[in-house]
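Coordinate inspection notes
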Amino acid sequence: MVKEYAHPNKVYGCCWNPTKTGEFLSACEDGLLRMFDFGADHTNPVKTFEGHTKKIYNVSYSPILPNIAASGSDDRSIRIWRTD
């Protein structure tokens, strides 16, 4: 193992940003998206995104639009996020 990124609840998904080396998002049971920077000297989230009211099952960066991601949740919504 290289690094461990602890979460307060279950993690259902994560994805790497295709346009920014080392940046990735995690989808958590607590309804929060967390952005991390693998190149940082810490494992704390760089940003946390709030908006879903139930667990998030999936997250994906846009392959063609930099700094745009989508998440799907048990709250029956898909949210589009600006990550910059």
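Please read these numbers as outputs of a predicted model, since none were measured by experiment. (Residues numbered from 1 in each chain as written. Predicted model: local features only at pLDDT ≥ 70, side-chain atom pairs only at ≥ 80, totals over all residues. Heavy atoms only, no water.)

So, on to the overall build of the protein chain. In terms of helices and strands, the protein chain carries zero helices and seven strands. Sequence-ordered secondary structure for the protein chain, helices as α and strands as β, is β-β-β-β-β-β-β. Over its C-alpha atoms the protein chain spans a radius of gyration of 12 Å, differing by no more than 12% from the 12 Å that the globule rule assigns to 84 residues. Within the protein chain, the proportion of its 84 residues that are buried is 37%. By sequence separation, contacts in the protein chain at least 24 residues apart represent 36% of the contacts at least 6 residues apart. Summed over all atoms, the accessible surface of the protein chain reaches about 5,200 Å², with 53% contributed by carbon and sulfur. (Helix = DSSP H or I, 4+ residues; strand = E, 2+ residues; numbered from the N terminus. Rg over C-alpha atoms; globule rule 2.2 N^0.38 Å. Buried < 20%, exposed > 50% of the residue type's maximum accessible area, 1.4 Å probe, protein only. Contact = heavy atoms within 4.5 Å. Areas by Shrake-Rupley, 256 points an atom, 1.4 Å probe, with all protein chains shown as cover.)

In this sheet, strand β6 (residues 68-73) lies alongside strand β5 (residues 56-61) in antiparallel orientation, the contact comprising five bridges. Among the inter-strand pairings, Ile-56 is bridged to a residue of β6, identified as Ser-73. Hairpin connection, β5 to β6: the antiparallel pair is bridged by six residues, and Asn-67 has positive phi, about 65°. (Pairing = 2+ DSSP bridges.)

Turning to the environment of Pro-63, a few remarks are in order. Position of Pro-63 among the secondary structure elements: in the loop between β5 and β6. Residues Pro-63 and Asn-17, 46 residues apart in the sequence, show an inter-C-alpha distance of 8.4 Å.

We now examine the sheet that holds strand β3 (residues 33-37). With antiparallel pairing, four strands are arranged side by side in an open sheet as β1-β2-β3-β4. Single-partner strands in this sheet number two, and they are β1 (11-16) and β4 (47-49). Taking each pair of neighbouring strands and ignoring which way they run, the sheet shows an average axis angle of 20°. Where β1 lies against strand β2 (residues 23-28), five bridges are found, and the strand directions are antiparallel. Along β2, the bridge assignment pairs Gly-13 with Ala-27. (Axes fitted to C-alpha atoms, helices over the stretch in contact; angles between N-to-C directions.)

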